[in-house]
Every structure is written in structure tokens, then in C-alpha cells.
Amino acid sequence: MSGPQVDTLVEEILAQLPRHVDLDAAVAAVVANMSIFMPDFAARMADEIEEARTAVARQLEDVEILHRHSVMEKRERWYFGAKPSDLHWPALRSYLLGKGLAESDVEAIDEASNEVVSLLENPRKDDFQCRGLVVGHVQSGKTANMTAVMAKALDAGYNTVIVLAGLTNKLRYQTQMRMFRDLVMRHPLDWHPLTPNVEHLDFRAPPQGGFLSHSDKAQLAVVKKNPSPLKQLKIAVQGTLPVALKRLRILVIDDECDQASVNGGRGEYDVTAINGHIRELLAMIPAVSYVGYTATPFANVLVDPFRKDMRGGIALDDLYPRDFITALPSSPNYFGTEKLFGRIPDDPDNILPEEEGLDMIRSISDEDEQVMQPVSAAERESFEPPIAPSLATAIRYFLACCAARRARGDEGEHMTMLVHTSAYVVAHNRIAVSISEWVDSIRAELADPASSESALLAEAWNEEQGKLPEDITAAPAVTIDEIFAHLPAVLDALEFPVENGVSEHRINYENEPKTYIVTGGSILARGLTLDGLMVSYFMRGAKQYDTLLQMGRWFGFRKNYEDLPRIWMPLDLKLAFRSLARVEREIREDIGRYHDENKTPMDIAVRIRAIPGMAITGATKMRAAKTCAISYWGTHRQTFRFRHHDEDELDHNWKRGTELLEAATTEGCWVQDWKAPLWTGVPRDLVLRFLERYRFHPDHAELQPGVLLPFLRQNDDRLATWNVGIVTSGKGKPGTKALGPLADYGLVNRARLRDGGASADIKALMSKSDVWLDCEGRAPGGEGWDELKASRQSAIGQQPLLLLYPIDRESPPAGKGANRIPLDASTEVLGIGIVFPGSVTEGGDFVSVELVGDSVEDLERIEAEESAQIAMVDAEEGRAGAAEPTT
């Protein structure tokens, strides 16, 4: 019987549910309203009313929340998803759909937020303390998940939400307005906002002295992570009447929780101010769930989970996410590190386009880098930056992109270019002035498509065409004539704001569409969103994983202009970002493995790969990680970077491989009738001697002898004997150098990435099928790395496998991709892969290894520079709003 009449009744009943105690009351209200216009409505529509009631009742049934992305402490099931009778989430859902979000994206937000809310503590309990961590991606829509979690938590019984939002007034205000638009404005009469929609103001303890325990209004405070407003929060809690405090069910959302929230005190009992205030606040609240959100959880997972500090006789935990860690999945439309840099190929002989990454990064030469930055600190005040050739090209391309978007009908959208060359405020204004004056100097020429400057702009645009896969390139194509037709409007709209906290002309996306070339520093590297970002000119590095990754403002969603974004950066920064893409993926894979084996946050150790020359996070945040527990069980490791022009090193490694195979042959280990060259039962001493003498590239920190060999020497029977195999290619060139007893074999082909620096980066050496070299038959198809290694252990037991790869010195690219060039090594290269037995999550013997990073002096200098910048921003913002002290 379902039809338009029933569907209309369902919608009417759903609209009435939040205002009535149960389903029957909502149905009665609908019938009463309809009966005003049709007195016999109840009798005439009895069947349709019952069917509509049944349909709504079906939506009200409990559903099981699946924890697909979480490592968690076991807890009672209390949350079963949103109900049509809820007040906040249905309204937020309708608002998101009305803003143009795809139904699939809203469903993904719904599912992911269900998982997080179900991991909060049950608000029906009298008292509780919950600690959780949600790991997103940079610019990935974490705030959408956050607002959904807030809405559903309030619907489920929480009554107060405190959002800790950034270190600056700008970031607090941005978050305040986002929460106000997305949540409060849906049902304004059902909210009691505790913080104002004013940029320079913040939380103040209510005049009556404390929080209220509203039964019908949700309280919301969006607070800057700064001692002054945090003290005010504590005053408000202290001033809350005990009977009201008992009724409060508070959800604390800590946005960018790895910034300032983690303790950076230097001594064991030294607690930084912001960290101390947050911990004291949580200890004062009887019923509170604390959830941190970040895309860079390095500091959070390195907190000591067992540490307790005493303040005023109260034990304060250090915010370790002891109850759950959730890794949010990314949307297929998200543009992040994996899309930009690609994935590690499963089969380097047949690399897929999505594994290679996108050709969107352009290099800033050493010469341009030098002229765009002062030579010394002494020259900082007098430095007058010129427009380097690469910056000029980037600006021309940006102007062309803005014209192209207007030609596509996007004239009502924001368009932004980011210039981030220095951490120093004094340089930002000067760079912005230089850019503005340079653009003014070419305006007249750009009005003439036949001019030399217009020819350079056309060249910058045409050079970027055809660089991306067809599924990314937007249609229809924009001609150069269309670009010049829309260029005058672009130049008329163009502005040059400076975003550093002390400038007067800052970005503002709240009203009419903006076209910006924005220059800035640290304030742009954390939380602040640049709408319509298409071009980034990025020169400033950082020596910490979290700081550098957060600088990637180009990550995010680029609806309708996925083909346009480009990034200019020096080669060393590109290599650092590529390494971080691998680190980020490994952290998420670790969380996934721990989830699969039902581990809890209290018995996991998230491994973080070391990158030479970089620190994982601030030195004082890593007190619990001064030594790193290294375990290789269940992993596979491979060499993918080589000094390909160091002929002495390449020859040395080849000879070491020959010595190993000859010694293993002498031991009688060679299996001569196998499908591939294989030696079994090779004594550990021979393998140790080879690995000790093989010269690994410095970037392979986890394979250096001082790190790897202590693990291999431990007293574990699984490491007593090894299988050693050679991976060859039937399609490769014949080898010309003997490799142990082998004289007839085919070299494997491994082309290098175009921008690998002075060394060759082949990205991946091993194919998944190589793991099966010492097993009979063909490798099972369709399995991931972990599944294939588990199948191998089922087939032959827990046997370690060392693989040698003789690589063709020329190794030309197999396809036409722009990211690969010939290896061009001085001689043949010997790569190695290792497959370790066991499980990545087993508790086995760990080996403590001192990781060599930056000196304490370097890290202190970096932290001091960043702290000085924050202090300067805070001081300026404090002067802008003297009523709200910021320090």
C-alpha cells in the first residue's frame, strides 16, 4: 500500500517525534492536525496511518554499531544509533544534505560518528571518566565528524559540550561559527551558547558562578586553548552547585589535541600550563568523556599511559586515550598524502596508476630558495624579497586557474593561493607587498593576449595540461582564449592578505567570494582552512613529523577542480612529505591490525618509523619514547633507496651477496630443483654476517645494523635458521655478473622516481608474490600482504626469509608515466627484502634501541621559535581585544 500518502505521513510523524514522549503521541499529533482539515481523517486513512506508524517504528529499532576502525577497551553496549525522534542529528543531517553534500558522504559521516559515540561512556551512569582519540587526515572533514558526534551525544543524554579549539582567536572563532551554523542554528531555542560569536572574546565564567544543569537546553562552549579561558572554565565548574554538577554530563572535544594539550614539561613532575589546566578541569567533573581529534597523533600515542601527576592532592592522568583510538576512514573524494604520493606498489613489475601518485608537485630550485629567504637572522629586518622565477610561474598558473574556474561557472566560489616561505612575521608583509607590486606591474600586459607576459601565462597553463589521469581531469576543457576572456575579472577581484595574527588585512571567507594570494606563517599550519586552495608555494620546512604534516594545507576536498591544484616546494621537502605519507599509512595499518586482534589501547605500541634528520614530535612530548621498542615480528622490510652512482658501494653489496650464497651452498643449503633459486636452513650466523656488512642507505633507519641486528640475535628459535631466495625475472636482461653459484639469471627491472634527490628511490622493491618464493605452487590470489604472510606461515611454519634482488642498472620505466625515469645506476644493484615470522601484534621479546634524532639543543631551538611566534600572535590578539587576556 506504500505510496505518496504513506510517505507524507511518515515525514509528518518523524517531524513530530522530537516534540513528543513516544511514537503513539507523535502519531496522535499528526492525526489531530490533519483532522482540522478532514474531520473523518482517522477513519478514512486508518490503513495508511498504521502503515506509516509501522514504517517509523522500524526505524526506531536498535541497530548494532560496528567498530570497524577502532582499538578499544571492552565496554557495555549502550548506544544503538540515532533515532528519528532525536532532535540534533536529524536536523544536522538535513542541513548537510541541503548544503550539497552527497548522500553517500553524509551516510559515511553518520556511520563513523555512530562508532565514536558508541565508544563514549554511557551518560546514564552517575559518574565516569572516558579518554578517547580520533585520528583523521589533514583537511579531511574531521570537523564534520566532530559536529555529528556532538549532535548524537546530546541526543543520547549528554547535556554540555566543551570544544577546545586552537591556540589563536582566529581558530577559536572559526570553530565557534562552524558549530553555531551547523548545530545551534538548527534549533536555536534548544541551545544555551556559553561563548560569543565575536573573534576577540572567549569563555567567561557565568555571572551566577557556574554551569547550569538544563533539562531542555544543550550548553556549548568553544574555548581557545590558552591558560586564561581554561582558568575561567575551572572557575565555572568550581562555582557550579553540587546538585547541578551531579546532573552535568559533559563531552569535551579537544580539536588538534596533539597541539598544546600534550604535556611538554621538561621534568617528570613538570606540567605545562595548558596541559595542566585541561587535566585539572577533567578531574573536577564527575561525569565527563574527553575525545581528542587530530590528523597527527604522534605526540598522543607516545604519552605514558600509566603516568600520574599530583596537584592539590588529586591524581591527574596525562590524557592517554586509554578507552579507544579510532582511525577515521577517508572519503573517496579526499585529496590526501596517498592520492598525491600514491601507495606502495603490490607488484613493482606492474605498477598501477593509483600506486604512482599524481604529477602535481613542482620544484623550487636552490637558487630560488636562496633569493626568497634572508641569508641570516641579521639580514631579516632589511630583507627585500624579489619574485623568484618559480614564484612568478606559480602566480601565473594561479591566475590562469582562477580564469578557468570562472569559465567553468565557478565565479561564485572562493579561490586561493598560499605563499608560505618563512616563519618570521616581518617577512610576510614584505613578500605580500612584493607579490602585489609584481602583479600590478604586469596587469597592463595581461590585458593584451599578444604580449610577452601573456605568452608566459599561456605557457604556464599549457605546461600543466595532460599531466593527470583522465578520471581526474575535469570536463569540459578550458581553452586559452577563454582564460584570457575571464582574466580581467580575476585581476579585479584579486587581493593580497597576510595571515599571521598581527596583520590588519586578513582572510575572510564569510561573505562574497574571494580571490586571494595569501602570505602567512605558523598560523596557517594548524587548523585554519583556506577555501578554494589551488596553488601552494611552500618553502618553509619543519623538523618534526606533526608540524610538517599539518603544514599541508593543500590536502582536502577539491570538488569540480580536482585537476587544478599544484604545489611548488624544494626537493628536500617533497622527499620529507613522501616519507611522511609512508609513516601515516603505517600508523593506520597498525591500528587496523590491533583492531583485528582485539587489542586495547593499553596493550598496544603504535610503531612510528624514524626519518633521518626529523624528530617525531617535540622532545618534551616524547619522554615516554626516549628509547623505542622495535619489533619486526610479522613484518616485511625492503630496500627502496640506493646510492645508485656510488659504484664502490654497489660492488661491495654485490660481493657480500655472493659471499652469503657461496657460504650457504657450502653448507649444503641450495635447493637446486626449486622453481626459483632457493637456499633453505641457512644458519643465522651467515645471514647476520651478510646484514652486518651490507651497506644500507641512511634513510633505511630500521635496517641499520645497530637497530636490526640486536633483534636478530635474540634467543628465539624462529630466527635460528633462514631461507634465502633470489628474485629473478624471466623477462629481464640476462645477468652479466656471477651471483654466488648463479651465472644464468634474469635481472629485475626497477625504474626510479623522477624526484628522488641525489639517491635513487624506487618506492618498492618487493612484490606480494615474492613472499611465496619458498612455498610450493603459486601464491594465493586476492590476498593482502598480511593475509599472504599468514598463509605462508600456515604452509611452511614460522621461517624467516631473506630475498636478494639483482636489479638491472638501466631499468627503464615500463610505462609512460611522468613519475618514473631510468634507474641509471653505475653498475648492477643488489636489493634485499626480509619476511619475518610471527605476528605484528604479538607481545614477544622487544629490543630497546636508542634512536638518533636531532640534538636536544636543536629541538629546543625549534620549539622556542614556534613558541615565540605563538606568543607574539597571542599578544597582538590580546591587544585587539583587551577585554580578553590571552596569556
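Residues numbered from 1 in each chain as written. Predicted model: local features only at pLDDT ≥ 70, side-chain atom pairs only at ≥ 80, totals over all residues. Heavy atoms only, no water.

1. A few points about the overall build of the chain
Step number 1: A count of helical and extended segments in the chain gives 26 helices and 31 strands.
Step number 2: Expressed as a percentage of the 887 residues in the chain, the buried residues total 57%.
Step number 3: In the chain, the proportion of contacts linking residues at least 24 apart, taken out of those at least 6 apart, comes to 78%.
Step number 4: Just so you have it, the chain exposes about 36200 Å², and 51% of that area is on carbon and sulfur atoms. (Helix = DSSP H or I, 4+ residues; strand = E, 2+ residues; numbered from the N terminus. Buried < 20%, exposed > 50% of the residue type's maximum accessible area, 1.4 Å probe, protein only. Contact = heavy atoms within 4.5 Å. Areas by Shrake-Rupley, 256 points an atom, 1.4 Å probe, with all protein chains shown as cover.)

2. Looking at unusual backbone geometry
Step number 1: The backbone of Lys-763 sits at a positive phi, close to 70°, despite the residue not being glycine.
Step number 2: Given the relative accessible area of 7%, Lys-763 is considered buried.
Step number 3: Positioned with a positive phi, Asp-824 is a non-glycine residue whose angle comes to about 55°.
Step number 4: Mapping Asp-824 onto the fold places it in the loop between strand S29 (820-821) and strand S30 (829-835).

3. A look at the sheet that holds strand S21 (residues 636-638)
Strand pairing in a sheet is mediated by backbone hydrogen bonds. Such pairs are either parallel or antiparallel.
Step number 1: Reading across from one edge, S21-S30-S28-S25-S24-S23 is the order of the six strands in this open sheet, with mixed pairing throughout. Edge positions in the open sheet fall to S21 and strand S23 (670-671), since each of these has one partner strand only.
Step number 2: By the bridge criterion, three bridges tie S21 to S30 in an arrangement that is antiparallel. Within S30, the residue paired with Arg-637 across the bridge is Ile-834.
Step number 3: Taken strand by strand, helix H22 (residues 647-666) contacts S23, strand S24 (678-683), strand S25 (721-726), strand S28 (801-807) and S30, and its axis lies near 55° from that of S30. (Pairing = 2+ DSSP bridges. Axes fitted to C-alpha atoms, helices over the stretch in contact; angles between N-to-C directions.)

4. Quick word on the confidence of the model for the chain
Low-pLDDT stretches of the model should not have their predicted coordinates read in fine detail.
Step number 1: When the pLDDT values of the chain are averaged, the result is 82; 80% of them are 70 or greater.
Step number 2: Counted against residues more than four places away or in other chains, residues 265-271, with its pLDDT under 50, gives 22 contacts.
Step number 3: Below a pLDDT of 50 lies the segment residues 876-887, which in the model reaches 29 contacts outside its immediate sequence neighbourhood of four places, other chains included. (pLDDT = per-residue confidence, 0-100.)

5. Some thoughts on helix H7 (residues 142-156)
Step number 1: Taking 1.5 Å of rise per residue, the 15 residues of H7 would be expected to cover 21 Å, and the 21 Å separating its terminal C-alpha atoms lies within 8% of that figure.
Step number 2: Looking one or two residues beyond H7, the residue adopting positive phi is Gly-157, at roughly 135°. (Expected span 1.5 Å × (residues − 1).)

6. A closer look at the pattern of salt bridges
Step number 1: What the rule picks out here adds up to 37 salt bridges.
Step number 2: Note that Asp-440 is salt-bridged to Arg-443, the shortest N-O span being 2.7 Å. One end of the pair is Asp-440 and the other is Arg-443, both in helix H17 (residues 425-446) and three residues apart, which spans about a single turn.
Step number 3: Owing to a relative accessible area of 43%, Asp-440 belongs among the partly exposed residues under this scheme.
Step number 4: For Arg-443, a relative accessible area of 25% corresponds to the partly exposed category.
Step number 5: Close ionic contact of Arg-566 with Glu-464 constitutes a salt bridge, the shortest N to O distance being 2.6 Å. Residue Arg-566 is found in strand S19 (residues 566-569), and its partner Glu-464 is found in the loop between helix H18 (452-463) and helix H19 (480-493); the two are separated by 102 residues along the sequence. Each member of the pair, Arg-566 as well as Glu-464, is classed as buried.
Step number 6: Residues participating in the shared-partner salt-bridge network are Asp-359, Arg-362, Glu-464 and Arg-566. (Salt bridge = Lys/Arg side-chain N within 4 Å of Asp/Glu carboxyl O.)

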